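The chain contents come next:
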Amino acid sequence: MRAQIVAGNWKMNNDLSETESLIASLKGQTKTSDAEVMVAPTATNLYPAYNSLKGSGIEVIAQNMHFAANGAYTGEVSATMLKSVGVETVILGHSERREYFNETDEMLAKKVDAALANDMRVIFCFGEELADRKSGNHENVVESQIKNALFHLEADAFKSIVLAYEPVWAIGTGETASPEQAQDMHAFIRKTLADKYGAVVADSVSILYGGSVKPNNAVEIFSKPDVDGGLIGGASLNAEDFFAIVNAF
Ligand SMILES: O=C(CO)COP(=O)(O)O
């Protein structure tokens, strides 16, 4: 059985006191599903969040990291630094990192390698833009994003990899992929994995959907057989909404 995961990506929101009050509200929520729950605060709030959420069943994860262990990379944070403050999982390849910070498939392959070398779990994001979807090129785009960043890995590495399909046109727009569009793409992703690594590996990898998941559409999206959870942006900033999504399984 694949892990069901609901992860909140807080992006560049919430200073320390806002983070503490959101965490207090999260601790007041009740989980009724089996989903693993994760939240990704901004880098400055990882350590306080880790301390506050220790033992709560909510994992604190990072939104990004650099591929080097240390050195002259002003402004960056490494895997060893994340691990030293209790972070075991990192989101890599988010479309905002690709778009605004020029992250390439090649760079992401190095980041994935660095995370795995440090025994971290990776939530690897990818997804097509609206133009790709309109031209019918969405599967090719997604396939190349996955192949370029991940297909140098051994099959065993996929024990530490979670995939997150986030169509760029659905992020923060209020426009969600239909449950059928999500299912079709997730099935395609699983087939792409199966063609390279075999069905056992493909069936073991959790594939999350991200892009305008809200309490009112989560049940339908999560009911699809190849959708194993969600990466939640806007709705994860409200504890009640986030837990309504967590409990949508
Ligand atoms: O980018 C996302 C999660 O990483 C999705 O963001 P929204 O849920 O705000 O569309």
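Residues numbered from 1 in each chain as written. Predicted model: local features only at pLDDT ≥ 70, side-chain atom pairs only at ≥ 80, totals over all residues. Heavy atoms only, no water.

In the annotation of an unreviewed UniProt entry, the chain is listed under the name Triosephosphate isomerase and assigned to Aestuariibaculum lutulentum. As recorded by UniProt, the Sequence similarities (unreviewed entry) comment attached to the chain reads in full: "Belongs to the triosephosphate isomerase family." (UniProt positions renumbered as here; feature names shortened; annotations may be inferred.)

A. Region of the structure containing helix H2 (residues 46-53). Among all positions of H2, only Leu46, Ala49 and Leu53 are buried. Along the axis of H2, the buried positions cluster into a sector of 70°, meaning they face one direction only. Of the surrounding elements, those touching the buried residues of H2 are helix H1 (16-27), strand S2 (36-40), strand S3 (58-60) and helix H3 (79-84). Backbone geometry just after H2 places Gly55 at a positive phi near 80°. (Buried < 20%, exposed > 50% of the residue type's maximum accessible area, 1.4 Å probe, protein only. Helix = DSSP H or I, 4+ residues; strand = E, 2+ residues; numbered from the N terminus. Arc of directions from axis to C-beta. Contact = heavy atoms within 4.5 Å.)

B. Geometry of the UniProt feature "binding site: substrate" (unreviewed entry) in the chain. Under the feature "binding site: substrate" (unreviewed entry), the UniProt entry names Asn9, Trp10, Lys11, Gly172, Ser212, Gly233 and Gly234. Spanning 226 residues, the named residues form one tight spatial group whose C-alpha atoms are at most 14.0 Å apart. For Gly172, the position within the fold is in the loop between strand S6 (161-165) and helix H8 (179-197). With a relative accessible area of 78%, Gly172 lands in the exposed category. Its place among the elements puts Ser212 in the loop between strand S7 (207-210) and helix H10 (218-222). Exposure remark for Ser212: the relative accessible area of 10% places this residue in the buried category.

C. Expanded view of the UniProt feature "active site" (unreviewed entry) in the chain. UniProt marks His94 and Glu166 with the feature "active site" (unreviewed entry), using the numbering shown here. A compact arrangement is adopted by the annotated residues: their sequence extent is 73 residues, whereas the largest C-alpha distance between any two is 8.2 Å. If near-sequence neighbours (up to four positions away) are discounted, His94 is found in contact with Asn9, Lys11, Cys125, Glu166 and Ile171. Among the secondary structure elements, Glu166 is positioned in the loop between S6 and H8. On the basis of relative accessibility, which here comes to 5%, the residue Glu166 falls in the buried class.

D. Summary view of the pattern of salt bridges. Using the criterion set out here, one finds 15 salt bridges in the structure. As a salt-bridge pair, Arg98 and Asp105 come within 3.0 Å of each other at their nearest N and O atoms. One exposure class covers both Arg98 and Asp105, and it is buried. Across the pair Lys111 and Glu103 runs a salt bridge whose closest N-O atoms are separated by 2.8 Å. Look at Glu103 and you get buried, because its relative accessible area is 6%. Residues participating in the shared-partner salt-bridge network are Arg2, Arg190, Asp226 and Asp228. (Salt bridge = Lys/Arg side-chain N within 4 Å of Asp/Glu carboxyl O.)

E. Layout of the site of the ligand. The full set of residues close to the ligand is Asn9, Lys11, His94, Glu166, Ala170, Ile171, Gly172, Gly211, Ser212, Leu231, Gly233 and Gly234. Residue Glu166 places a side-chain N or O atom 2.9 Å away from an oxygen atom belonging to the ligand. Here Ser212 contributes a backbone N or O atom positioned 2.8 Å from an oxygen atom of the ligand. In isolation the ligand offers 310 Å² of accessible surface; the protein chains occlude 97% of this area. (Near = heavy atom within 4 Å. Polar contact = N/O pair within 3.5 Å; in protein donor to acceptor, adjacent residues only side chain to side chain. Areas by Shrake-Rupley, 256 points an atom, 1.4 Å probe, with all protein chains shown as cover.)

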